[in-house]
Amino acid sequence: MNQVMRLCRCLLFIAALFSVIGMQGGNIVPQPLRMKKGNGAFNILITTKITHYPSLRSQAERLAGFLPLEIREYNASQKGNIVLRENKNLSSEAYTLKVCAEGVFIDGGSAAGVHNGIETLLQLLPSAVYSHTLSLPVAVGECEIEDSPRFSYRGFMLDVCRTWMEVDEVKLFIENLAHHKINKLHLHLSDDEGWRIEIKSHPELTQVGGFRGVGSPVAARYGKWQELYGGFFTQEQMRQIVEYAAVRNIEIIPEIDLPGHSHNLARVKPDVLCNYTPGLKASDGYDTRNVMCASKESNYALLDDIFGEMAEVFPSKWIHIGGDEVSMTQWNKCPDCKSLMASEGMDGKALQAHFMNRVAQIIKKYGKHPCVWNESIDSGTLTRDAMVYGWESVAECRKAAAEGYATVVMPGAYFYFDMRQTPREPGHDWAAIFDARKPLSFDFQQQGFTAQEMKNVVGVAASFFSEAYISHRDDENNYLHYQTYPRICALSEVAWRGGGGEWQAFYAKLVESHYSRMIAMGIDFRLFPPSVSYADGVLKAVADDCSHIYYNVVGKDGEHLYHAPITTDKPQLYAFYTRMGGARSPEAAVKGRWRWLQPKVKITSSIGESERFPFSNAEGYGRIARTSRVARSGDWLLYTFEKPVTCRRMEIFTGNLQLPRYIFNAGYMEVSADGTTFKRVCDLKNGGGVIENPQRAIKAVRIVCTESGNGADFVTVQAPKVYPKL
Ligand code: TNX
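Parameters and conventions
- Residues numbered from 1 in each chain as written.
- Predicted model: local features only at pLDDT ≥ 70, side-chain atom pairs only at ≥ 80, totals over all residues.
- Heavy atoms only, no water.
- Helix = DSSP H or I, 4+ residues; strand = E, 2+ residues; numbered from the N terminus.
- Rg over C-alpha atoms; globule rule 2.2 N^0.38 Å.
- Contact = heavy atoms within 4.5 Å.
- Areas by Shrake-Rupley, 256 points an atom, 1.4 Å probe, with all protein chains shown as cover.
- Lys, Arg positive; Asp, Glu negative; His and termini not counted.
- Charge placed at Lys NZ, Arg CZ, Asp CG, Glu CD.
- Domains from an automatic or database assignment.
- Salt bridge = Lys/Arg side-chain N within 4 Å of Asp/Glu carboxyl O.
- Polar contact = N/O pair within 3.5 Å; in protein donor to acceptor, adjacent residues only side chain to side chain.
- Nonpolar A, V, L, I, M, F, W, Y, C, P; charged D, E, K, R; others polar.
- Phe/Tyr/Trp six-rings, centres within 6.5 Å; stacked < 30°, edge-to-face > 60°.
- Buried < 20%, exposed > 50% of the residue type's maximum accessible area, 1.4 Å probe, protein only.
- Pairing = 2+ DSSP bridges.
- 1 Å grid on protein atoms, 1.4 Å probe; cavity = no way out; pocket = protein on both sides within 12 Å on 5 of 7 lines; lining within 4 Å.
- Points joined across faces, edges and corners; volume = space filled by probe spheres on them.
- Near = heavy atom within 4 Å.
- Sits in = over half its atoms within 2 Å of the grid points.
- Axes fitted to C-alpha atoms, helices over the stretch in contact; angles between N-to-C directions.
- Parallel < 35°, antiparallel > 145°, perpendicular 65-115°, else oblique.
- Left-handed = near helix turned anticlockwise from the far one by under 90°.
- Expected span 1.5 Å × (residues − 1).

Next up on the list: the overall build of the protein chain. Of the regular secondary structure elements, the protein chain holds 19 helices and 36 strands. Its C-alpha atoms give the protein chain a radius of gyration of 28 Å, near enough to 27 Å, the size a compact globule of 726 residues would have. Considering only contacts in the protein chain between residues 6 or more positions apart, those separated by 24 or more positions represent 69%. Accessible surface computed for the protein chain: about 28500 Å², of which carbon and sulfur atoms make up 50%. Separation of charge centres in the protein chain, based on 80 positive and 80 negative side chains, amounts to 4 Å.

What follows is the structure, encoded as structure tokens:
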């Protein structure tokens, strides 16, 4: 079928569905509680006014940013307006929205409720409203909506440490969260790789610790190896972000991740570490420790300075103080922590709670309450007024709720949007590999939450940890957007309604309405891949979302627009993907396209191998291996194949499978056809190199390191990835 016919079919499909939606109501994400549609409409003209209660000035101004109308204070006698009012009979975030011949009436329990009503109104308008290009007059269909959220915490966590994000990028992200009625942005402002908030009494935290890599005491990690990489928010900039978010009903909750995840802090202020001399041979002299000492009074004094300032910058009553992934090794080696544990009868977990409780005391002094990651409650001694973020599993969320903690539910397997969406897409996979279906399917009852536990569940949140973002910064589409949308649309349903409902109904809303809204919002979201079939020598690709289908062919440059089924006896050469605005799907193809070889290989190195993770792991293509120390300039890894390998592409990488970490930071790759003479083929990028279309069979590949150290005390060795000729 040609493109024009496809488009017609698509439009017919949408038109057919529209009559149905007309009755069902609006394709709004998240779905309102109750919605009735009428037959008439209200016409928004250029002369229509936005009128508002005096307390709702900023909501009126925000709406006028989308609908360029004059703003007036409310006057009951004026007809034909968009009216924003507060109604104290409604709960704070609830609203009603009425569109009738007389006007558009949004009544909210507070400014927050009015904001929610405005967001729904925007979704009743053509999607051009989001790109600020809507032309007036425009008709809004008659309707009555009553709506309120199931949860008061509808959150998102953004990690600006691993990948640094500028103010404007954060603001755009906030704007789009607001369009999905998300109301908390948890900003992860410190981690092993960076300190992102200015602290005036300790300027070095950002002046030094805001940057890593060349010239910094903090080693490069995850990318940008040859530069000084990073940035930070001044307090002034952060106040602006807080203000910008507040207008959009988003509360910023800042996090300083303690006492672990403090490598960066420790490189800037080595005094925060435990009092012992570590063995640094394997790391080539680099101190990799990342846990604050729990027994140094000076550490609590430092945190008092830090949180005292932060309490002034962030109006939220919450401050997140971290508490995840604290390695006990360092405290167990520290004479002071050991004697503190002995004298108080504490184990490591109890010492962690002791540390968190002391920090909680500090922030309470400044009128704030602590938020923590779920590990912090393990010892049973953490202060009960902490809010617990359950990230490791559903069981951890339930445990926190059962123990009486206010709990934010965000298990990684459903809500970590840094996870990859299918096995061949980028991202982490430690929690699960999932697309938007997974968060949408989250069901509290099915997950076993009891009524008692539900009383303590304050809401749902998703995370985007940004280790992988930095190495995707130069990609054509926006990795942050691609990982988070449409998964955030699914989050918004669960957070707003308490459950996502049926997939098909949600997906229809995306395809019929919300994809075009997101394009207008400037989101480069992920489309679902087209389906590909091959029969009787004919290869077909079908997209069910009106996107354009493209394909590429192994051995040929460039991309091609797919017009019609392809007659071929080599379907494995073709991979298909779709685009719509800046949105893009992953590739889909017949199975043979993804086949890879596992030729017998021997891995040797100028560095010894780890006992626990020997090179044979990688030789077996099952697991990864490690060296016994970090690489120095001149070190090499050699991959010798039993028989010379004929292939179309070979990749040799150091580092974790998902991330460039524990790598050869810099170096080059050499190839040999006979195992004795080597030819240099490329420089290493992100710890590895790729050989495309080798002319001769490959007997051996050697990678040579030209830069000592990588900020850790080993190099991860992966199996070679060998793609056959097709
Ligand atoms: C676990 S979530 C972490 C982060 C990582 C993330 C990657 C949490 C409290 N700790 O440090 O970035 O996994 O998905």
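So, next bit.
Here we come to the domain arrangement of the protein chain. Looking at the assigned domains, one finds that the protein chain contains domain 1 (34-147), domain 2 (153-520), domain 3 (531-593) and domain 4 (601-723). For domain 2 versus domain 3, the separation of C-alpha centres amounts to 39 Å. Taken together, the contact between domain 2 and domain 3 spans 9 residues of the former and 10 residues of the latter. On inspection of domain 2 and its partner domain 3, the count reaches 2 salt bridges. For the interface between domain 2 and domain 3, the tally reads 2 residue pairs in polar contact (both at pLDDT 80 or more). Examining the composition of the side of domain 2 that touches domain 3, we find that 4 residues originate from one element, helix α18 (residues 503-521), more than from any other. The class makeup of the residues in the side of domain 2 that touches domain 3 is 5 nonpolar, 1 polar and 3 charged.

This next bit is on the packing of aromatic side chains. Scanning the entire structure with this criterion turns up 36 aromatic pairs. Geometrically, the ring pair formed by F156 and F173 is tilted, given 5.2 Å between the ring centres and 55° between the ring planes. Of the two residues, F156 sits in strand β8 (residues 153-159) while F173 sits in helix α4 (residues 167-179), which places them 17 residues apart along the sequence. Residues F156 and F173 agree in their burial class; the two are buried.

This next bit is on the sheet that holds strand β20 (residues 531-535). Strand order in the open sheet made by the 3 strands is β20-β21-β24, with antiparallel pairing throughout. Each edge of the sheet is formed by a strand with only one pairing partner; in this case those strands are β20 and β24 (566-567). One ladder, built from 5 bridges, connects β20 with strand β21 (residues 538-542); its direction is antiparallel. Within β21, the position partnered with S533 by the bridge is K540.

Another aspect to go through is the layout of surface pockets. Computed from the structure, the second largest pocket encloses a volume of approximately 1100 Å³. Top element by residues in the lining of the second largest pocket is helix α9 (residues 329-333). It accounts for 3 residues. Taken together, the residues of the lining of the second largest pocket sort by class into 15 nonpolar, 14 polar and 15 charged.

This next bit is on the site of the ligand. The ligand sits among 13 residues. The nearest are D324, Y416, D418, W430 and E467. The separation between an oxygen atom of the ligand and a polar side-chain atom of R162 is 2.8 Å. Within the complex, 96% of the 360 Å² of free accessible area of the ligand lies under protein. The cavity where the ligand resides is the second largest pocket.

Glancing now at the sheet that holds strand β3 (residues 70-73). The mixed open sheet is built from 7 strands, whose spatial order is β1-β7-β5-β6-β4-β2-β3. On the outer flanks of this sheet lie β1 (34-44) and β3, each paired with one strand and no other. Taking the axes of each pair of neighbouring strands and ignoring which way they run, one obtains an average angle of 20° across the sheet. On the sheet, helix α3 (residues 111-124) packs against β1, β4 (81-86), β5 (95-100), β6 (103-108) and β7 (138-147) and is oriented at approximately 40° with respect to β5.

As a packed pair, helix α17 (residues 487-497) and α18 sit with axes 11 Å apart at the nearest point and diverge in direction by 120°. Here α17 is positioned oblique relative to α18, judged by the angle of their axes. Considering how the two elements wind past one another, α17 and α18 form a crossing that is right-handed. The segment α17 lies against α18, with C489, A490 and E493 engaging F506, K509, L510, H514 and M518. Looking at side-chain class alone, the contact of α17 with α18 contains 5 nonpolar, 1 polar and 2 charged residues.

Residues three or four positions apart in an α-helix share a direction because the helix packs 3.6 residues into each turn. In a regular helix each residue adds 1.5 Å, so 13 residues correspond to 18 Å; helix α6 (residues 235-247) covers 19 Å between its end C-alpha atoms and thus fits that length. Taken as a whole, α6 has its buried residues at Q235, M238, I241, V242, Y244, A245 and V247. Looking at the buried positions of α6, the neighbouring elements they touch are α2 (57-66), α3, α4, β9 (184-188), β14 (251-258) and α8 (297-313).

Turning to the side chain of R221, a few remarks are in order. Among the structural elements, R221 can be located in the loop between β12 (211-213) and β13 (228-230). At a separation of 2.9 Å, a polar atom in the side chain of R221 contacts the side chain of E193. The residues contacting R221, other than those within four sequence positions of it, are D192, E193, R212, H263, I470, P660, R661 and G711.

The next subject is the environment of F211. If you trace the backbone, F211 turns up in strand β12. A sequence separation of 21 residues divides F211 from F232, and the C-alpha atoms of the two residues are 8.4 Å apart. With sequence-adjacent residues up to four places away left out, F211 is seen in contact with T206, S216, V218, L228, Y229, G230, G231 and F232.

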